[in-house]
Amino acid sequence: MRASEDQLRIWMVNGLDGDSQSHAALLHALVPLLRTFYRRRVGDADAIEDIVQETLIAVHTRRMSYDRDRAFTAWLYAIARYKLIDHFRRTRQICPIEEVEDMLTTESFEDEAGARLDLEQMLGRLPEKQSRLIRATRLRGQTAAETASAEGLGESDVKVSIHRGLKALSALIQGPRR
């Protein structure tokens, strides 16, 4: 059985207060959560275990950055996403545009807050038009025709801008090619 958000948060806070048993329990409980998170995105079992360990190390070394007033899992999944992006960059793994779209949506309430922070940061790096159109269609669920009408643009212009924006997001996730 998986630990709840409340239990994970209690272990984290107690660990921050010096309770080593709570910290150990937290790290132990995170392993299946992280494996599940990475299994959906990475096919190689050995790579998954490596990324899980890297994430646990990051949780341990960055634990003082956790804000006790915020959801623990949002903080955790933000770290996990960055480790996933690091893995994609290291392995020069190509991430199709469709997968970037999947990363833009959240899988559960646990990672919604972290995803929103990551998403806003990445969308902020795009040209304003692309960012605005991706928000309208992919986040608010408008059709390309609805967005075109609201923006005073042609539908094909909206579709092309969205495609280019998603392609740019994919390039941001992959990092610079050598």
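Each chain carries its own residue numbering, running from 1 in the written order of its sequence. Local features in a predicted model are, by the rule used here, given only for residues with pLDDT of at least 70; side-chain atom pairs are given and counted only at 80 or more, and totals for whole chains, interfaces and linings are based on all residues. Hydrogens are left out, water is left out, and the side-chain values use all remaining heavy atoms of the structure.

Below, the discussion takes up the overall build of the chain. Numbering of helices and strands runs from the N terminus; a helix is a DSSP stretch of H or I covering at least four residues, while a strand is a stretch of E covering at least two. In terms of helices and strands, the chain carries 9 helices and 0 strands. Reading the helices (α) and strands (β) of the chain from amino to carboxyl end gives α-α-α-α-α-α-α-α-α. A buried classification covers 43% of the 178 residues belonging to the chain. When checking whether two residues touch, look at their non-hydrogen atoms; a contact exists if any pair is within 4.5 Å. Taking the contacts inside the chain whose residues are at least 6 apart along the sequence as the reference set, 64% of them involve residues at least 24 apart. Partly exposed describes any residue whose relative accessible area lies between the buried limit of under 20% and the exposed limit of over 50%, with all areas from a 1.4 Å probe on protein chains only and scaled to the type maximum.

Only the stretch in contact is used when fitting a helix axis, every axis being a line fitted to C-alpha atoms; angles between N-to-C directions are given from 0 to 180 degrees. Running from amino to carboxyl end, helix α2 (residues 20-39) crosses helix α4 (residues 72-91) at an angle of 55°, the nearest separation of the two axes being 11 Å. With respect to their mutual orientation, α2 and α4 come out oblique. The two elements α2 and α4 meet at a crossing, and its hand is right-handed. Where α2 approaches α4, its residues Leu 26, Leu 30, Leu 33, Leu 34, Phe 37 and Tyr 38 are matched on the opposing element by Phe 72, Leu 76, Tyr 77, Ala 80, Arg 81, Lys 83 and Leu 84. Charged means Asp, Glu, Lys or Arg here, nonpolar means Ala, Val, Leu, Ile, Met, Phe, Trp, Tyr, Cys or Pro, and polar covers whatever is left, Gly included. Residue composition of the contact of α2 with α4, grouped by class: 11 nonpolar, no polar and 2 charged. Under this scheme an angle from 65 to 115 degrees is roughly perpendicular, one under 35 degrees roughly parallel, and one over 145 degrees roughly antiparallel; angles in between are oblique. Crossing handedness is read from the near helix: turned anticlockwise from the far helix by less than a right angle, it gives a left-handed crossing, and turned clockwise, a right-handed one.

Geometry only, nothing functional implied.
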